[in-house]
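A look at the structure
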Amino acid sequence: MNKPSTGKRLIDALAHRPVDRPPFWFMRQAGRYLPEYRKIRAQVGDFLELCYSPEAAAEVTLQPIRRYGMDAAILFADILLIPDALGQKLEYREGEGPVLEPIRTGAGVAALDPATIHERLSPVYETVSRVAGALPDGTALIGFAGSPWTVACYMVEGHGSKEFQETRLWALRDPQVFGALIDVLVEATTAYLGHQIEAGAHAVQLFDSWSGVLSEDQFARWCVAPTQAIVSQLKQRYPDVPVIGFPRGAGSKTADYVAATGIDGVGIDTSMPVGWAARTLQSTVAIQGNLDPLAVVTGGKAMEDQARHILGTLSNGPFIFNLGHGIVPQTPPEHVAALSELIRNWRNA
Ligand code: CP3
């Protein structure tokens, strides 16, 4: 516990080093709740275009940092850039979200082309290096990708869903061919995150937004094993770059996920009891989460009470304050300011 500080609270917390107060950042901290984001988004027009425009993407990455001074910026991009780069047709429709041409056969998997993904993704790496060069010294830059399971959910279903039944059925019926898709994603994701690290990301996060729809055995096979493969390859090449995993909805299966994957930090969603997380997980891994994003819509006492409960329970171990899922578009920016102030004024015992 007495190793010297890295000068970045987020990186210190992930390495179980002492911090004066918990680092904080918020999932979807860049986005539609901010008027300055909406302005740039309207100028660029298309969301994908924005992800592939380094100057504009770097600007929207930095917008929340200027306003609120979080301890980390997160690259502005999307988890579905990987299917796009692999050659799957993708568009974002206003009010509908992402729409892809579904892949449900071995031929569909074979048609994916990993050879040229980094050409398509090179603007993202440029965004990373621009942001890394522009951030204050104490602010970490988080790179990210979707986990293979969650990205596969969109690739197979072709759109968002609550249950992802087509994907789960395919995984159960034909694990060999579905497994080939997951293998393509493990390789592409590892290389993608490696490039982000080379470009200047100080940490990376894997978003597994739909791990909660799986049974115990399917979770082990499609969430834990691919994540473990990505983490072990990254750790071989970049032993000092921390990896955060966010198996949203995994509940008590999070304990197996932490033990098997070797991640440095774990995101916990709003449904996770923080006392359970502190007792069960925090001796081995830094915890990140879990304020209800709707409490930030409400603001006031409801938000502050919940934030204090989380801080009081988790801040004496390795901990990163965050929400249990992303900031929603109807969030008043001044509530994010009040929350940032509350955390900034917190002092660890
Ligand atoms: O600030 C940040 O957090 C960084 C940028 C970021 C975005 N998406 C930008 C975005 C990150 C980290 C993501 C991750 C992401 N994308 C996830 C995992 C986290 C989660 O929310 O569970 C998922 C599942 C996606 C896929 C995706 N992208 C969906 C389902 C949608 C439509 C829903 C929506 O919120 O509109 C998107 C679009 C998207 N990604 C937007 C943003 C800012 C909104 C696009 C717009 O400006 O219209």
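For every chain, the first residue of the written sequence is number 1, and numbering continues from 1 onward in sequence order. Per-residue local features of the predicted model are confined to residues with pLDDT of at least 70, and side-chain atom pairs are confined, for both listing and counting, to 80 or more; whole-chain, interface and lining totals are unaffected and use all residues. The basis for every side-chain value is the complete set of heavy atoms in the structure, and neither hydrogens nor water enter the calculation.

Topic: the site of the ligand
Near residues are defined by distance, with any heavy atom within 4 Å of the molecule or strand qualifying the residue. The environment of the ligand is made up of 22 residues, and the closest members are Arg32, Tyr37, Arg41, Asp78 and Ser209. In protein, a polar contact means a hydrogen-donor-capable atom and an acceptor-capable atom, both N or O and within 3.5 Å, with residues adjacent in sequence counting only if both atoms are side-chain atoms; elsewhere, any N or O pair within 3.5 Å suffices. Take arginine 41: an N or O atom from its side chain is 2.7 Å from an oxygen atom of the ligand. Histidine 325 places a side-chain nitrogen or oxygen 2.7 Å from an oxygen atom of the ligand. Coverage of the ligand by the protein chains reaches 87% of its 870 Å² of free accessible surface. Methods summary: accessible areas were calculated by the Shrake-Rupley approach with a probe of 1.4 Å, and residue burial reflects only the protein chains presented.

As for the packing of aromatic side chains
Two rings from Phe, Tyr or Trp (for Trp, the six-membered ring) form a pair when their centres sit within 6.5 Å of each other. Planes less than 30 degrees apart are called stacked, planes more than 60 degrees apart edge-to-face, and all others tilted. One pass over the structure, following the stated rule, counts 13 aromatic pairs. Ring centres of tyrosine 125 and tyrosine 192 lie 6.0 Å apart, and the angle between their planes is 50°; on these two criteria the pair is classed as tilted. A residue pair is termed long-range when its members are at least 10 positions apart, and tyrosine 125 in helix α7 (residues 117-134) and tyrosine 192 in helix α10 (residues 175-199) qualify at 67 residues. In this structure, tyrosine 125 and tyrosine 192 share a single accessibility class: buried. Each ring, one from tryptophan 149 and one from phenylalanine 178, has its centre 5.9 Å from the other, and the planes form 70°; the classification is edge-to-face. Taken together, the positions of tryptophan 149 in helix α8 (residues 148-157) and phenylalanine 178 in helix α10 put the pair 29 residues apart, joining distant regions of the chain. Taking relative accessible area as the criterion, tryptophan 149 reaches 0% and is therefore assigned buried. Type-normalised accessible area, obtained with a 1.4 Å probe on protein chains alone, sets the label of each residue: buried when under 20%, exposed when over 50%, and partly exposed for intermediate values. Classification of phenylalanine 178 by relative accessible area gives buried; the value is 0%. When the ring centre of tryptophan 210 is taken as origin, the NZ or CZ atom of arginine 248, which lies over that ring, is 4.8 Å away. Numbering of helices and strands starts at the N terminus; helices are DSSP runs of H or I of at least 4 residues and strands are runs of E of at least 2. Think of it as a cone above the ring: NZ of Lys or CZ of Arg counts as a charge over the ring if it is within 6 Å of the ring centre and within 35 degrees of the ring normal.

Focus: the layout of surface pockets
Of the pockets and cavities examined, the largest pocket occupies roughly 1400 Å³. The definitions used throughout rest on a 1 Å grid laid over the protein atoms alone, on which a cavity is an enclosed set of points accommodating a 1.4 Å probe that cannot get out and a pocket is an open set flanked by protein within 12 Å on both sides along at least five of seven lines; lining residues are those having an atom within 4 Å of a point. Looking at the largest pocket, it is lined by 41 residues, and the ones nearest its centre are Arg28, Arg32, Asp78, Tyr92 and Pro98. Every element with two or more residues in the lining of the largest pocket is listed here: α2 (35-44), β2 (90-93), β3 (97-100) and α8. A per-element tally of the lining of the largest pocket places α2 first, with three residues. Grid points are joined across faces, edges and corners, and a volume is the space filled by probe spheres set on the points.

Focus: the packing of α8 against helix α9 (residues 165-173)
Note on method: axes are straight lines fitted to C-alpha atoms, helices fitted across the in-contact stretch only, with angles between N-to-C directions ranging 0 to 180 degrees. Running from N to C, α8 and α9 point in directions that differ by 105°, and their axes come no closer than 8 Å. Classified by the interaxial angle, the pair formed by α8 and α9 is roughly perpendicular. Across the interface between the two elements, Trp149, Ala152, Cys153, Val156 and Glu157 of α8 pack against Gln165, Glu166, Thr167, Arg168 and Trp170 of α9. When describing relative orientation, an angle under 35 degrees is termed roughly parallel and one over 145 degrees roughly antiparallel, while 65 to 115 degrees is termed roughly perpendicular and anything else oblique. Contacts between residues were defined by any pair of non-hydrogen atoms, one from each residue, lying within 4.5 Å.

Description of the side chain of aspartate 71
With respect to the secondary-structure elements, aspartate 71 resides in the loop between α4 (54-68) and β1 (72-74). Only 3.0 Å separates the side chain of aspartate 71 from the side chain of arginine 9, close enough to count as a polar contact. Other than its neighbours up to four places away in sequence, aspartate 71 contacts Arg9, Leu10, Arg21, Pro22, Pro23, Phe24, Gly138, Thr139 and Ala140.

Overview of the environment of alanine 229
With respect to the helices and strands, alanine 229 occurs in helix α11 (residues 216-237). Residue classification places alanine 229 among the partly exposed residues on the basis of a relative accessible area of 22%. When the C-alpha atoms of alanine 229 and threonine 284 are compared, they prove to be 19 Å apart, with 55 residues separating the residues in sequence.

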